[in-house]
Amino acid sequence: MAGTGSAPVVVVTGATAGVGRATARAFAADGATVALLARGERGLAAARQEAEMLGGHAMAIPLDVSDWRAVDDAASLVESLVGPIDIWVNNAFSSVFAPVDEVNPAEFRRAIEVTYLGYVHGTIAALHRMQPRDNGVIVQVGSALSYRGIPLQAAYCAAKHAIQGFSESLRCELLHDGSRVRLTQVQLPAVNTPQFDWLLSRLPLPSQPVPPIYQPEVAARAIVHAAHHPRRREYWVGGSTAATLLVNRLVPGLLDRYLARKGYAAQQSYRKLDETVPPNLWHAADGLDGTDHGAHGAFDDIAHPVSWQFDLSRRRGAVTAALGALGGIAVGELVRRRRLAS
């Protein structure tokens, strides 16, 4: 297999389903060479076929991101077969839906090993190859829950908080070294992915993302944009992400109480759940039930295909100027009215 010259070589972890699957498609549609890393071999085969049908080049590498040696060996394999890695996207995760006292220590450990240490392993593998060349981009796929914990997802929130702290430390080190390796993060909203059918859950009803829900292609477009414009330290995707992070900065205690009242019901639904799909905490779901789960979950009928907030955010220079002008007009009008009133 050969690289494609000017097209980037991209590694995507968790590439068999959901955001990772959609992201692999998006890079492939731009002509990239995409290395797909995940556990599920059926999903990997389907993702590879999709990428090549879209005009990209793809290679599938089955592995568990919690295994450092496997991740590092995969990075070496990619570079030996298709060339230097330009972009590394960390996205793989697993977790548990349950109150804290119903999650056992082994399950917490496993969620952290996959979701947090998987990012650490991917980042270090990328750095070992990018730093000698002084070039490359690492994208950490995060969440509004990187900053804000919510009930019933303690393992996931803890891992995302850890990724946030890890990434901030690394960014400071890269700046200190004057490195041209870039690190950026993409904080996502609730996304319509298959995770809500296959994550281990002890909730009385099937789990669901907290509305508003976005399609995985919204996340994928944001990740591709961030990879090509990595000077911004962080991207927020979705009005709900922006609102959550801003409210959490201003009145976190009020948000605690709101989530205590609403957070349980908002994460459960009365939809019919396919109980034959096994939890994927310990093993790939498609390896056990023989199904390729694709990018989309069960919420196509209510998921948003675009994020106007992100489209405005990535053009924030023009938006800031426009808002400044509108603000100036509003202040001027307020002053004029006060003068008339006096």
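The model shown is predicted, which means the values in this text are computed figures rather than measured ones.

(A) The arrangement of the packing of aromatic side chains in detail. On inspection of all chains with the given rule, the structure shows five aromatic pairs. Between Phe-196 and Phe-299 the ring centres are 6.2 Å apart and the planes differ by 85°, which places this aromatic pair in the edge-to-face class. Of this pair, Phe-196 sits in helix 7 (residues 195-198) while Phe-299 sits in the loop between helix 11 (285-289) and helix 12 (308-313), placing them 103 residues apart in sequence. With a relative accessible area of 7%, Phe-196 lands in the buried category. Here Tyr-235 and Phe-310 contribute two aromatic rings whose centre-to-centre distance is 6.1 Å and whose plane-to-plane angle is 55°, an arrangement assigned as tilted. Within this pair, whereas Tyr-235 is found in strand 11 (residues 234-236), its partner Phe-310 is found in helix 12, the two being separated by 75 residues in sequence. Taken together, Phe-97, Phe-196 and Phe-299 form an aromatic cluster joined through their ring pairs.

(B) Expanded view of the pattern of salt bridges. Applying the stated rule across the entire model yields 12 salt bridges. Of the charged contacts in the structure, one is a salt bridge between Glu-50 and Arg-21, with a shortest N-O distance of 2.8 Å. On the criterion of sequence distance, the pair formed by Glu-50 in helix 2 (residues 41-53) and Arg-21 in helix 1 (residues 18-29) is long-range, its members being 29 residues apart. Its relative accessible area of 22% is what places Glu-50 among the partly exposed residues. Each of the salt bridges in this network shares a partner with another, and the network as a whole consists of Arg-21, Arg-25, Glu-50 and Glu-217.

(C) Fine view of the sheet that holds strand 6 (residues 136-143). An order of 3-2-1-4-6-7-11 is seen for the seven strands of this open sheet, with the pairing classed as parallel. Sheet topology places strand 3 (57-62) and strand 11 at the edges, where each strand pairs with a single neighbour. When strand polarity is set aside, the average angle formed by the axes of neighbouring strands in this sheet is 15°. Relative to strand 7 (residues 181-188), strand 6 runs parallel, the two sharing eight bridges. Of the residues in strand 7, the one forming a bridge with Gln-140 is Gln-185. Helix 3 (residues 68-82) contacts strand 1 (9-13), strand 2 (33-38), strand 3 and strand 4 (87-90) of the sheet and is inclined by roughly 155° relative to strand 3. Across the sheet, helix 9 (residues 239-250) is in contact with strand 7 and strand 11; its angle to strand 11 comes to roughly 110°.

The rules we used
Residues numbered from 1 in each chain as written. Predicted model: local features only at pLDDT ≥ 70, side-chain atom pairs only at ≥ 80, totals over all residues. Heavy atoms only, no water. Phe/Tyr/Trp six-rings, centres within 6.5 Å; stacked < 30°, edge-to-face > 60°. Helix = DSSP H or I, 4+ residues; strand = E, 2+ residues; numbered from the N terminus. Buried < 20%, exposed > 50% of the residue type's maximum accessible area, 1.4 Å probe, protein only. Salt bridge = Lys/Arg side-chain N within 4 Å of Asp/Glu carboxyl O. Pairing = 2+ DSSP bridges. Axes fitted to C-alpha atoms, helices over the stretch in contact; angles between N-to-C directions. Contact = heavy atoms within 4.5 Å.

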